[in-house]
Structure formats: C-alpha cells, structure tokens
Amino acid sequence: MTHSTGSVSACLPIHSDLDLVRVRQHVRQMTAQLGFRLVEQTKLVTAASELARNALIHGGGGQMECTPVSSSGGVQGLRLVFSDQGPGIADLDQALSDGYTSGEGLGMGLGGARRLVHEFSIDSRRGVGTTVTVTSWTSRPPRPREAP
Amino acid sequence: MPEQQAAEHQTNPVEEVEAFLRRRREQIAQRWADATLFRTVFTVSRDEAVEAGRTVVEALAAVAASGRVEDAEADGFAVVREQLARTAHSRARAGATLAQISAEMDALRPLVTDLLLDELSEAPAEHLRECTTALTVLMGTLRLVMLETTTIAGQELINRQRLELLEIATPVIKLWEGIVAVPLIGTLDSARSQVVMETLLDAVVEQHARIAILDITGVPTVDSLVAQHLMKTVAAARLMGAECIVSGIRPAIAQTIVHLGIDLSSVLTRASLADALAYALQQQGAHIVPNPASTVEAR
C-alpha cells in the first residue's frame, strides 16, 4: 500500500516500567486525536504495551517512534516503530507462535500484538537488535484481492 | 596574571578568598540568615539559621583551602552535604520548584561578593577581579552541590509516594457477609499486582470470604502481563477456598483480550460489578425480592 508518511511526531524512550505507562498514554492520546474508534484505540494501545515491554525485557530497553500516516485513499493511521539494540530473536517463527516464551510471561505478546494491528513487520538480527513496525488505520483498508 | 603582581600581594586569589571567608564568617552567616533560603527553612529561630550559615561558610573555606573551587566532589562539601539535602528537602516539601531553589541559592552569592568587594576596594583591579571570580565559581559549585542533593531528595519523594500509592490504591471492600471486592484502578504492574494479591488473600482469611470480586473497570489497558497477574491472583484465591470473579470487563477490553489470544475461560468473569455481586449473592443463597410498592411507583 502506498501512503504518505508524516514526520516522526514523537520518539519515546523505553527504559523502565514508568516509560511503558508513558508509551501507553501517548498512543492512547494519538489514536484519540486521529479519530480511532474506542475498540481500535484499545487494541493499538495494548499492542504498544506488549511490544514496548518486549523491547524493555528482552531488548534491554529501546525506543518507540510514533508517526501519523495517511493512505493514498486518505485514511488516517498511526505507525509505531519499536526498536532495541538487544540480542535479537533467534527463531522468529517460534517467537511469533502463541505460548512460546523465553521469559516467564504467557508467550502471547508478539503473536497477540500482530493480531491486534492491521500491519505488522519485524526485523531482528542476532547481536544487532530488533525492530518491530506496526500500523493501524482508523478504518480498515480494503484487503488486496487474493490471487485465484 | 603577571608574576610581579602576584608577588606584590603574596597570595593567590583562592587563598585570599579562603582567608576572607574565615575572617568574615560571622558577618556572612548573619547576612545569609535573612535570605529567603535560610529564613524559610529555619523558621523556629534565627540563631539556628546563623549556625547553619556558619557551617556552610566553613565548608566553603575548606574547599577553597584545598584549591578545588570548581569541584562539586571536593571533600570540604562532605560536611554540609547532609545539611544542604535537608534544606533542599524542606524547600521541596514546601512546594518550591528546582528553579526556585536554584534562584534562592543564587541569591546568597551577592551577599558574599559584596562583602569581598568592600574589603578589597583598595586592591588592584586585576587582583580584585580574580578574587571575585574565584568566589563566584565557589558559590556556583555550592549551588551545584545543593541542586544535586535536591534532585536526589526529589527522587526519594517520588519513590516514597510510589510506595504510598501501592498501599492506598488497593482497598478491600466487604460487600456482604462472605463477599469482598477489590476495585483496581490504574496500571497493574508487577509490584502492584503483588500488593493486590496479598491484600486480597489477607481479606479472604480475615473476612471469611467465600467470594472475591476483582473489578478492573479502572484499569485502562489489559495486556498479557495484566491478564497473567489476574489469573495468578484468581488461582491463589481459589487455593484458599474462595471463588474469584473478575468484573468490569468493558466491550473494547473484551475484544482486545480475544485478539490477543488470552484464554480467560478458567476465570469467572462478569461485565459489571453489579452483575458480579448479583451472581455472588445468588451463590450465597440470597434472594433479592423487589419491593412491590416501588414497582407500582415506577409505573
């Protein structure tokens, strides 16, 4: 999908539990401003909470970039980029599968976050870090027609 | 500074400042006692403020003696650090901002430099300038030390309030004989959920509760960690023989939990606290009979 990207509206550090609260509040505020419905607001805030906590716990801290975007059809959206310089994820498929956890959590964070947003991409390199990019739209964009 | 000029005065500016501070200790302390910073902290007696001022002047002289006027870590400051911390703490508690405390600290400087200027009015301009600079730098370092302790005091205040909030924010309410409720408000992080679990389990024992209701109406975000905390609390209550109901699940939260993929089927849930209470009363064998008179009124 083609969309114009605005400049990064905010870059929040993720280094403590308190930062997680700030991340959630910021995303909540942004989604409300952009006109997301309450359900979509809650979903994106929850996804942000999961991804920010992953960056904190597994990546040893990082940051979140928050950018309002708009699609070619004029639909408003919000893109969040979580990045850390942690050890990276050894097996992405395993990490994305439900119930798998390298810590003490439920193992629903990464896979759950993917289901809570419209677009999800992850880039992880061993020893370099992990970057997760998610985007949600105020109204669900039409799905590209599947090949017959 | 030209060599011969230094030789003329036999002293370098920092030593001169040290001597000045020791000589004028009493006078400086008296002047400071009337400054805002000392006046607002030592409210009981002026003598106390003067005494505190003397200690600070002595510390400054000690720092000057060591020649490290620019060093906030200089040993001379060690003796006043605690006193400065208490002063800063007292001002912060009274609602002063960091900028205000800094300004009040800065207001002490002219009270000393004016004295120095008076005393050295006969000295050559070059020497006078250097002495004033040394004293100004020293007072600037003192301000830095003070602000450092203020920041630490502020951090301690935040930590204490955080602990207090943990205690306050988790009341256990007895709704009925054998029914208790915990209204959760705000972020349910690991520390808070630990407190919630402990207070709830204590209440189960004390109130002989058979049913405990965890109301999450006031929890803005239920992510996997919050859900995990809830499930652990429910499991612990169950081990103690109490049935746990999670209430206050709003429509948006319910949909989010489903998408997140968390299985809460092992937990008894209700949409509102009222529903949870109705269920709990029913379990207790209590029947709520509507008053026929009020039903007629309503029609």
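Now for a quick tour of the structure. Note that the coordinates shown come from a computational prediction; the quantities given were computed from them, not determined experimentally.

On to the overall build of chain B. Broken down by element type, chain B carries 14 helices and five strands. Across the 299 residues that make up chain B, the buried fraction comes to 34%. In chain B, the proportion of contacts linking residues at least 24 apart, taken out of those at least 6 apart, comes to 74%.

What follows covers the pairing of strand 3 (residues 62-71) of chain A. Residue and element names in this part refer to chain A. Summarising the sheet, strand 2 (residues 10-14) and strand 3 pair through five bridges and their orientation is antiparallel. Across the sheet, the residue bridging to isoleucine 14 is glycine 62, located in strand 3. Of the pairings in the sheet, the one linking strand 3 to strand 4 (residues 76-84) comprises nine bridges and is antiparallel in character. Across the sheet, the residue bridging to threonine 67 is arginine 79, located in strand 4. Adjacent in sequence and paired antiparallel, strand 3 and strand 4 are bridged by four residues, among which glycine 74 carries a positive phi angle near 85 degrees.

A few words on the interface of chain B and chain A. One frequent convention defines the size of an interface as the accessible area lost when the parts assemble. At the junction of the two partners, chain B supplies 16 residues and chain A supplies 21 residues. Mapped by element, the contributors of at least two residues to the side of chain B that touches chain A are helix 11 (224-239) and helix 12 (251-260) of chain B. Of the residues in the side of chain B that touches chain A, the class split is six nonpolar, eight polar and two charged.

Another point: helix 11 of chain B. Here helix 11 of chain B is 16 residues long and its end C-alpha atoms lie 22 Å apart, about the 22 Å a rise of 1.5 Å per residue gives. Among all positions of helix 11 of chain B, only B:Ser224, B:Leu225, B:Val226, B:Ala227, B:His229, B:Leu230, B:Thr233, B:Val234 and B:Ala237 are buried. Residues of helix 11 of chain B that are buried make contact with helix 2 (38-57) and helix 4 (109-116) of chain A together with helix 10 (190-206), strand 3 (211-218), strand 4 (243-247) and helix 12 of chain B. Looking one or two places after helix 11 of chain B, you find B:Gly241, whose phi comes out positive at around 90 degrees.

Before going further, it helps to spend a moment on unusual backbone geometry. Trans peptide bonds make up the majority, and among non-glycine residues the majority have a negative phi. Residue and element names in this part refer to chain B. Of note in this structure, histidine 208 is not a glycine but carries a positive phi near 50 degrees. Structurally, histidine 208 can be placed in the loop between helix 10 and strand 3. Looking at histidine 208, the number of C-beta atoms within 10 Å reads 12, which means it is exposed.

Parameters at a glance
- Residues numbered from 1 in each chain as written.
- Chains lettered and ligands numbered in written order.
- Predicted model: local features only at pLDDT ≥ 70, side-chain atom pairs only at ≥ 80, totals over all residues.
- Helix = DSSP H or I, 4+ residues; strand = E, 2+ residues; numbered from the N terminus.
- Buried ≥ 20, exposed ≤ 12 C-beta atoms within 10 Å, placed from the backbone.
- Contact = placed C-beta atoms within 7 Å.
- Pairing = 2+ DSSP bridges.
- Nonpolar A, V, L, I, M, F, W, Y, C, P; charged D, E, K, R; others polar.
- Expected span 1.5 Å × (residues − 1).

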